[in-house]
Amino acid sequence: MMDCILHLPMRYEDETQVTAIQEACRHPAGSVQIEGTIQHSEVQYRPRKQLLVTVADDTGEITLRFIHFYGSQVKQLVTGKRLRARGEPRGGFFGTEIIHPVYRMVSENTPLPTELTPVYPASEGISQKTLRRHINTALEDSPLTDTLPESLLKTLKLPGFERSIRFLHHPAADADVTALSERSHPAWQRIKFDELLAQQLSMRRARMARWQQKAPPFLTVGQHTQLFLDHLPFRLTAAQQKALDEIRQDLKGSYPMQRLLQGDVGSGKTVVSALAALQAIDSGYQVALMAPTEILAEQHYLRISEWMKPVGVPVAWLNGSMKKKERTPILEAIASGDARLIVGTHALIQDTVSFAQLGFVIIDEQHRFGVGQRLMLRNKGSDDLLLPHQLMMSATPIPRTLAMTFYADLDVSVIDELPPGRTPVLTRLIDDSRRDEVIGRIHAAAQQGRQVYWVCPLIEESEALELQNAVETHERLTQALAGLNVGLLHGRMKPAEKQAVMSDFQSGRIHVLVATTVIEVGVDVPNASLMIIEHAERFGLSQLHQLRGRVGRGSSASVCLLLYQKPLGQVARQRLGIMRETTDGFRIAQQDLEIRGPGEFLGARQSGQQMLRFADLEQDGQLIDMAADTAQKLLTGQLPDSASIINAHLDRWLSNREEFLNV
Ligand code: ADP
Ligand code: MG
């Protein structure tokens, strides 16, 4: 029932007024409704089959033109019949006409509606009429009691629930149509607030429930840590240290940490996670680090084992393409507890993997994983009563409104500074016709001992085409860059092949790496200082930012060339402009949210279900603040009857819906 009532109009039509035909013809401006009697009606066959209906009132005449029509319409629209028609009048060759008006037959004394007509979102096959009938029945039958007390609504300056709902389904003729369609009307505000409040309540409850769960506390930061730091070739930045301190504090606790470590590309999240891992290992627990691709997982493995060598912590490496012979001893080491830190891909969550004592899981590039996958890793904890702590890492900064809503149950640490000595990447937009110049730049970079990435375009329609294109680009560049070693990396290669290419690039044997977007995630080759992205206009902002983050990792000045093909569309132009202007991941993410909406950020988290139907993260920042504040007050019992308000509210908004839970 409530579902029906909360099925709210997407827009409204004003059928409450009739415009005189003469007026409609003289000042055609937007949609109007006219009423009149049919003077003439005929099907014409030239230049194409169409139905022409002339309608007149006391003031004038207008033509209704139907290019698609049914036989039943021809029978219905006959001379002498009266109708109301809505649409946009336009000057045509034979006078003013409305093409494909919405119309209905009326009699002389059919009253005009006194309310705006709601238009509901509908799936195919359900008419507006049926929807309206169902909704109106629901409105009559169900009590629309308010879940929030009068006093609270007064403080929040929000109207009552029943009033808002009835208004949105049946707005009075004089209602502010703009406020209604922009959803800024107080009635909309109330509904959006309710939705956001439900979300805040359930997120915060989930967080409180987490405090009831138990995790192993890692009480000491042992001597391993000092040894690790002594051998590290650099010092942590202040931001890294701060994030690490926050994580350490959580790991000492006896309820499971659920923390997101967020830091721009290249800010140095890996070393922070490795240090956090030591705390668990020093307390006798195992740590699993899961990364979304083999290239990335292996890179972590190599780098972290290097760091761990002086400390003497054994690091294991598990991936999906290992042969059984390789895999068996590793699985045994994981099961026996000999392996203390295990780095891997999705392979880590397979059934065959069982840990001796998993106390801490780290998930890199967390948005690449689904909720289910993250849960599976967490459930590898060996003790049913103790959950592992969880650290998630992401380079995608979360805009504030998103952090407050969908990520509200996570604690967040931010690394907001890059390691010293990096020079910001200079970004240039280059018209595709100036490729020769680009080849020249590659030669120059190679001469200085620098390496180059060449990213091939994204071809959304076809992976095969994408591949073919990468292979051809590789051939062309090999010819154009005589004397240089050009490598190729793409998603269809076997993991071992990929790894061979990557390590050749890492060691400098390959000068120019032609790659598809497989390099997007986390790859780290500090000597690469030139990146060329072909058809940059086809990429999304976050993706461009991730790709660009592959250079600018060493101390030499890096350049990113965005090759584009003319003509550029509006959105593409906007995106590339932002890329040229800034390297600030946060600004880029904010812009991306504005251009694209939250889908991109939420990824698998949202798993297809739009969790916010009404509220808009862009527009409703203030409502989000209000809802967060109110949720907090209710959950801490600061308002009278808090508990029953919470129950009633969640009951209304969350019954039949998946909880807004994070795992
Ligand atoms: P991301 O946050 O994108 O995952 P990484 O952890 O891959 O970044 O770090 C990027 C590079 O910076 C690595 O080569 C890493 O060893 C190096 N690095 C990390 N922290 C520092 C630091 N404090 N000083 C200098 N280099 C650092
Ligand atoms: Mg990383």
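Parameters and conventions
- Residues numbered from 1 in each chain as written.
- Chains lettered and ligands numbered in written order.
- Predicted model: local features only at pLDDT ≥ 70, side-chain atom pairs only at ≥ 80, totals over all residues.
- Heavy atoms only, no water.
- Domains from an automatic or database assignment.
- Helix = DSSP H or I, 4+ residues; strand = E, 2+ residues; numbered from the N terminus.
- Contact = heavy atoms within 4.5 Å.
- Pairing = 2+ DSSP bridges.
- Axes fitted to C-alpha atoms, helices over the stretch in contact; angles between N-to-C directions.

A. The domain arrangement of the protein, seen in detail. Assigned domains of the protein: these are domain 1 (17-112), domain 2 (223-415) and domain 3 (425-582). One C-alpha centre belongs to domain 1, the other to domain 3, and the line joining them spans 58 Å.

B. Just the environment of T63, in detail. Looking at where T63 falls in the secondary structure, it is placed in strand 4 (residues 61-66). Here the alpha-carbon distance between T63 and E35, two residues 28 residues apart in the chain, equals 12 Å. What T63 contacts, discounting residues up to four positions off in sequence, is L52, V53, T96, E97 and I98.

C. The sheet that holds strand 8 (residues 102-105), seen in detail. Strand order across the open sheet formed by seven strands is 6-7-4-3-2-5-8, with mixed pairing between neighbours. Sheet topology places strand 6 (89-92) and strand 8 at the edges, where each strand pairs with a single neighbour. Each adjacent strand pair in this sheet contributes to an overall mean axis angle of 40°, direction not counted. Examined bridge by bridge, strand 3 (residues 50-56) and strand 4 share six bridges and lie antiparallel to one another. Paired with V53 across the two strands is L64, which belongs to strand 4.

D. A look at the sheet that holds strand 21 (residues 528-533). Taken in spatial order, the six strands of this open sheet run 17-22-21-18-20-19, and their pairing is parallel. Each edge of the open sheet carries a strand with a single partner, namely strand 17 (426-431) and strand 19 (486-489). Neighbour-to-neighbour, the strand axes of the sheet open up by a mean angle of 20°, direction not taken into account. Of the pairings in the sheet, the one linking strand 17 to strand 22 (residues 559-564) comprises six bridges and is parallel in character. For R428, the partnering residue across the bridge sits in strand 22 and is L561. Together, strand 18 (451-455), strand 19, strand 20 (512-515) and strand 21 form the strand contacts of helix 18 (residues 495-506), whose direction differs from that of strand 19 by roughly 140°.

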